[in-house]
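Spelled out from the first residue to the last, the chains are:
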Amino acid sequence: MKKFIIGNWKMNLNVHESSLFVAKLNQEVPIEKDIEVAIAPSLLALQPLSLQIDHKQMKLCAQDCYWRDSGAFTGEISATQLRGLAQYVLVGHSERRHVFDERDRDIRFKVQAVLRNGLTPVLCIGETQMERKDGDTEHVINDQIASGLLNVGSDQIGDVIIAYEPVWAIGTGDTAQISDIEQAVKIIRAQVAHMFGKEAGKNIAILYGGSVKLTNARPILCAEGVDGLLIGGASLIAPEFSGMVKIAGEVMKEQTEKEAK
Ligand code: PGA
């Protein structure tokens, strides 16, 4: 198993600033065994950064894409166009769902488009504050997984990553409790197992996102069933991001040693 550290830059940094920031990351981000690092800059910066990054050190992730491969869709970028530039694509990020009103159907089609084009979708799911208060968390997670992964083939599920990002934890400084994260991860694995079989449920990579920073990364990375982090704000601070990659490397090493005993 690998661990994933993905930095979501959102709508920050222009192309020049992105390039300067990558030069900084290039100096600071360690290459750790079995840790996959990716950054998600703006779509504009993907092409120049694809020429600049050390691909052994980090990969590129797109923040979104449209689900058709080509055609009259003004303003959109397809997964086909991302081929060769990005290895990962965020799909159904909470800001896409809640700010841009993206629907389950769009998200499902996007997951399929990303897979069809040989890239890895990072399907983002998570409940709102209100849904959690109403005791609907399990229901929401199950629904978003069932809908997002509908029509994904059993031969494709191994290429999907899920990011659990409670909406109320994104950009707020409020991180979910470890017990809540573990509970959510359990629900996700059970739902994937229900849809694709036991092995798929056990093996699917699940990341946590929502106000992750250097000071809380370790306990989250150590949480049962968590395979990595999707980091927003803190991924724009080089020592924070590189520090979390380092922690992931340490946690991976500790867990591998523990398993070997
Ligand atoms: P945050 O964002 O780390 O700033 O909370 C996480 C995300 O939106 O993926």
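Check the entry above for the structure.
Each chain has its residues counted from 1, running along the sequence as written. Note on the predicted model: pLDDT of at least 70 is required for a residue's local features to be given, and 80 or more for side-chain atom pairs to be given and counted; whole-chain, interface and lining totals, by contrast, use all residues. Only hydrogens and water are set aside when side-chain values are computed; all heavy atoms of the structure are taken into account.

### Some details on the overall build of the chain
Part 1: Only DSSP runs of H or I with at least four residues qualify as helices, and only runs of E with at least two residues qualify as strands; both kinds are numbered from the N terminus onward. Of regular secondary structure, the chain possesses 11 helices and eight strands.
Part 2: Along the first, second and third principal axes, the C-alpha set of the chain runs to 50 × 45 × 35 Å.
Part 3: Here the term buried applies to any residue with accessible area under 20% of the maximum for its type, exposed to any over 50%, and partly exposed to those in between, with areas from a 1.4 Å probe on protein chains only. Here the chain holds 261 residues, and the buried ones make up 51% of them.
Part 4: Contacts were defined at the residue level, with two residues in contact if any of their heavy atoms lie within 4.5 Å. Taking the intrachain contacts of the chain between residues at least 6 apart in sequence as the baseline, contacts between residues at least 24 apart amount to 72%.

### Some words on the pairing of strand β3 (residues 59–62)
Part 1: A pair of strands is considered paired only if DSSP assigns at least 2 bridges between the two. Where strand β2 (residues 35–40) lies against β3, two bridges are found, and the strand directions are parallel. Each residue of the ladder has a partner; that of Ile39, found in β3, is Leu60.
Part 2: A crossover counts as right-handed when, viewed with the strands pointing away from the observer, the path leading from the first strand over the helix to the second turns clockwise. For the handedness criterion, the β-α-β arrangement of β2, helix α2 (residues 43–52) and β3 is classed as right-handed.
Part 3: In this structure, β3 lies alongside strand β4 (residues 88–91), joined through two bridges in parallel fashion. The residue of β4 that forms the bridge with Ala62 is Val89.

### Some thoughts on helix α10 (residues 214–222)
Part 1: Taken as a whole, α10 has its buried residues at Asn216, Ala217, Ile220 and Leu221. In an axial view of α10, the angular spread of the buried residues amounts to 135°, which keeps them on one side of the axis.
Part 2: Buried residues belonging to α10 abut β1 (3–8), α8 (178–196), β7 (205–209), β8 (228–231) and α11 (238–260). Think of the arc as the fan of directions from the helix axis to the C-beta atoms.

### Details of the pattern of salt bridges
Part 1: Definition used for salt bridges: Asp or Glu carboxyl oxygen within 4 Å of a side-chain nitrogen of Lys or Arg. Applying the stated criterion across every chain, the model contains 18 salt bridges.
Part 2: Lys110 is the partner of Glu102 in a salt bridge, and the nearest nitrogen-oxygen pair spans 2.7 Å. Each member of the pair, Glu102 together with Lys110, is buried.
Part 3: For Asp180, the salt bridge identified is with Arg132, shortest N-O distance 3.6 Å. Within this pair, whereas Asp180 is found in helix α8, its partner Arg132 is found in helix α6 (residues 129–133), the two being separated by 48 residues in sequence.
Part 4: Each of Asp64, Arg96, Glu102 and Lys110 takes part in a single network of salt bridges with overlapping partners.

### Regarding the site of the ligand
Part 1: Nearness is judged by heavy atoms alone; a residue qualifies as near a molecule or strand once a single heavy atom is within 4 Å of it. Taken together, the neighbourhood of the ligand is formed by 14 residues, with Lys10, His93, Glu165, Gly171 and Ser211 sitting nearest.
Part 2: For the purposes of these results, a polar contact is taken to be a pair of N or O atoms within 3.5 Å, where, inside protein, one atom must be able to donate a hydrogen and its partner to accept one; residues adjacent in sequence count only when each atom of the pair is a side-chain atom. For the ligand, an oxygen atom lies 2.6 Å from a polar atom in the side chain of Lys10.
Part 3: Exposure was quantified through the Shrake-Rupley algorithm and a 1.4 Å probe, taking into account, for residues, occlusion by the shown protein chains and nothing else. Notes on the ligand: free accessible area 280 Å², of which the protein chains cover 95%.
Part 4: Classes in brief: Ala, Val, Leu, Ile, Met, Phe, Trp, Tyr, Cys and Pro nonpolar; Asp, Glu, Lys and Arg charged; the others, Gly included, polar. Its residues assigned to classes, the shell around the ligand shows five nonpolar, seven polar and two charged.

### A closer look at α8
Part 1: Over its 19 residues, α8 extends 26 Å from the first C-alpha to the last, a length consistent with the 27 Å expected when each residue adds 1.5 Å.
Part 2: Residues of α8 that are buried: Ile181, Ala184, Val185, Ile187, Ile188, Arg189, Gln191, Val192 and Phe196.
Part 3: Looking at the buried residues of α8, the elements they touch are β5 (120–125), α7 (137–148), β6 (161–164), α9 (198–203), β7 and α10.
Part 4: After α8 finishes, the residue Gly197 shows a positive phi value of roughly 100°. Expected span of a helix: the number of residues minus one, times 1.5 Å.

### Re the packing of α7 against α8
Part 1: Inter-axis angles, ranging from 0 to 180 degrees, are taken between N-to-C directions of lines fitted to C-alpha atoms, where helices are fitted over the stretch in contact. Relative to each other, α7 and α8 sit at 40°, their axes nearing to 10 Å. Between α7 and α8, the interaxial angle falls into the category oblique. You can see that α7 and α8 cross each other, and the crossing is right-handed. For the pair formed by α7 and α8, the contact residues are Glu138, Ile141, Asn142, Ile145 and Ala146 on the first element and Ala184, Ile187, Ile188, Gln191, Val192 and Met195 on the second.
Part 2: Classifying every residue of the contact of α7 with α8 gives eight nonpolar, two polar and one charged. These descriptions rest on fixed angle ranges, namely under 35 degrees for roughly parallel, over 145 for roughly antiparallel, 65 to 115 for roughly perpendicular, and the rest for oblique. Crossing handedness: left-handed means the near helix sits turned counterclockwise from the far one by under a right angle, and right-handed means the same turn made clockwise.

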